[in-house]
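Each chain, written out:
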Amino acid sequence: MYEKFEVNQVFLGMQFASMNDVYEVLKKSCEDFELKSVRVDELANANSIIDDIKSLIEQSEFIIIDLTHSNPNVYYELGYVDGVGNEGKDILLLAQEGTKLFFNISHRRVLFYKDVYDLQEKLKTALPKLKMDGRK
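Residues numbered from 1 in each chain as written. Predicted model: local features only at pLDDT ≥ 70, side-chain atom pairs only at ≥ 80, totals over all residues. Heavy atoms only, no water.

### A closer look at the sheet that holds strand β5 (residues 111-113)
Link 1 in the chain: Strand order in this open sheet of five strands is β2-β1-β3-β4-β5, and the pairing throughout is parallel. Here the strands that pair on one side only, and so sit at the sheet edges, are β2 (36-38) and β5. Going across the sheet, the axis of each strand differs from the next one's by a mean of 25°, ignoring polarity.
Link 2 in the chain: Judged from the five bridges that link them, strand β1 (residues 6-13) and strand β3 (residues 60-66) form a sheet pairing that is parallel. Bridging across to β3, Val10 finds its partner in Phe62.
Link 3 in the chain: Its contacts with the sheet put helix α3 (residues 72-83) on β1, β3 and β4 (91-96), and the angle it makes with β3 is roughly 150°. (Pairing = 2+ DSSP bridges. Helix = DSSP H or I, 4+ residues; strand = E, 2+ residues; numbered from the N terminus. Axes fitted to C-alpha atoms, helices over the stretch in contact; angles between N-to-C directions. Contact = heavy atoms within 4.5 Å.)

Following this line, the structure appears as structure tokens:
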């Protein structure tokens, strides 16, 4: 586990294209529970995007990864999350119902949602648990 992190910061890993509605629900839900969400495309700098992703993952107390669309970049982010030693209790994996998970992820707990309204409702339960069980 990476030891230096910003308390209550949440890294959001997800495909950017066609997921704005999910992103808005995640961002608002985090705010509702006094969590600060960050996503790499919110940064305005000339750094390498991969370096920024790594930094944000290392700096975040919690990680939320949406595996919908089976995007290879998102799987890379999850691999890095695991590689730096984040514990399962600090990670929330999401996917829209019908998403086929790859073999190396299919054994993990994933919160499946029907649509953004269903996601919003499920986050009302999931985020407090994540925050309560987070890094101490």
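### Description of a nonpolar patch on the surface
Link 1 in the chain: Taken together, the side chains of Phe16, Ile49, Ile50 and Tyr76 define a hydrophobic patch exposed on the protein surface, amounting to about 340 Å² of accessible area.
Link 2 in the chain: Take Tyr76: its relative accessible area is 38%, and that puts it in the partly exposed class. (Patch = residues over 30% accessible without salt bridge, like charges linked within 9 Å, V, L, I, M, F, W, Y side chains within 5 Å. Areas by Shrake-Rupley, 256 points an atom, 1.4 Å probe, with all protein chains shown as cover. Salt bridge = Lys/Arg side-chain N within 4 Å of Asp/Glu carboxyl O. Buried < 20%, exposed > 50% of the residue type's maximum accessible area, 1.4 Å probe, protein only.)

### Concerning the packing of aromatic side chains
Each aromatic ring pair is described using two quantities: the centre-to-centre distance and the angle formed by the ring planes.
Link 1 in the chain: For the structure on display, the rule yields one aromatic pair.
Link 2 in the chain: Measuring from centroid to centroid gives 5.0 Å for Tyr75 and Phe102, while their planes differ by 75°, and the two rings are edge-to-face. Of the two residues, Tyr75 is situated in helix α3 and Phe102 in the loop between β4 and β5; the sequence distance between them amounts to 27 residues.
Link 3 in the chain: You can call Tyr75 buried: its relative accessible area is 14%.
Link 4 in the chain: Residue Phe102 is classed as partly exposed on the basis of its relative accessible area, which comes to 44%.
Link 5 in the chain: Here the basic side chain of Arg39 rests over the ring of Tyr23, its NZ or CZ set 3.9 Å away from the ring centre. (Phe/Tyr/Trp six-rings, centres within 6.5 Å; stacked < 30°, edge-to-face > 60°. Lys NZ or Arg CZ within 6 Å of the ring centre and 35° of its normal.)

Nothing here speaks to function; it is all geometry.
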